[in-house]
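Residues per chain, in single letters:
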Amino acid sequence: MEKIEKMRKDQELLEERLWKDRMQILKNQEEKVKIAQAKAAIVGNGLDRREVNALESSFSKEIKAFDSDQALLAWDALVAKQQNALEALRVPGMFVTALKTDREKQARIIQVLDGLSGAEDDISVGP
């Protein structure tokens, strides 16, 4: 059970780090908007549609890049590590896989294990 608790803690730490990183992107975007608004106020205008579109596009690209280049890669690596650890513990049906159907079966196995252990938070090997 100690190994499973460590996996839970590792997952929680990763989720927290990814959330903080994502929120930092949002904070940076808000700062860019404030700067653009301040510049527009100095000139005596509001932000024009082109500037708003550019800011929105930049933010969208940055979030998508974070999700695909960092968050999903980190999550997939954690899932593989968990699958490997659970396989080493000889949990039936656990092996390293990226196939959606296999991961769905593994998620159901984890739900059963969580129910047996009385755990509130689950380990995710989700899709």
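Residues numbered from 1 in each chain as written. Predicted model: local features only at pLDDT ≥ 70, side-chain atom pairs only at ≥ 80, totals over all residues. Heavy atoms only, no water.

1. Focus on unusual backbone geometry
Okay, so step 1: Positive phi values are uncommon outside glycine, yet R90 reaches one of about 65 degrees.
Okay, so step 2: Judged by relative accessible area, R90 falls into the exposed class, the value being 75%. (Buried < 20%, exposed > 50% of the residue type's maximum accessible area, 1.4 Å probe, protein only.)

2. Details of the pattern of salt bridges
Okay, so step 1: Scanning all chains against the criterion turns up ten salt bridges.
Okay, so step 2: With a closest N to O distance of 3.9 Å, K81 and D10 form a salt bridge. Placement of K81 in helix α2 (residues 49-88) and of D10 in helix α1 (residues 2-43) is noted, with a sequence separation of 71 residues between them.
Okay, so step 3: With a relative accessible area of 51%, K81 lands in the exposed category.
Okay, so step 4: On the accessibility criterion, D10 (22% relative accessible area) is partly exposed.
Okay, so step 5: Across the pair R22 and D67 runs a salt bridge, and its minimum N-O distance is 2.8 Å. Here the residue R22 occupies a position in helix α1, and D67 occupies one in helix α2, the gap between them amounting to 45 residues.
Okay, so step 6: The exposure class assigned to R22 is partly exposed, which follows from its relative accessible area of 28%. (Salt bridge = Lys/Arg side-chain N within 4 Å of Asp/Glu carboxyl O. Helix = DSSP H or I, 4+ residues; strand = E, 2+ residues; numbered from the N terminus.)

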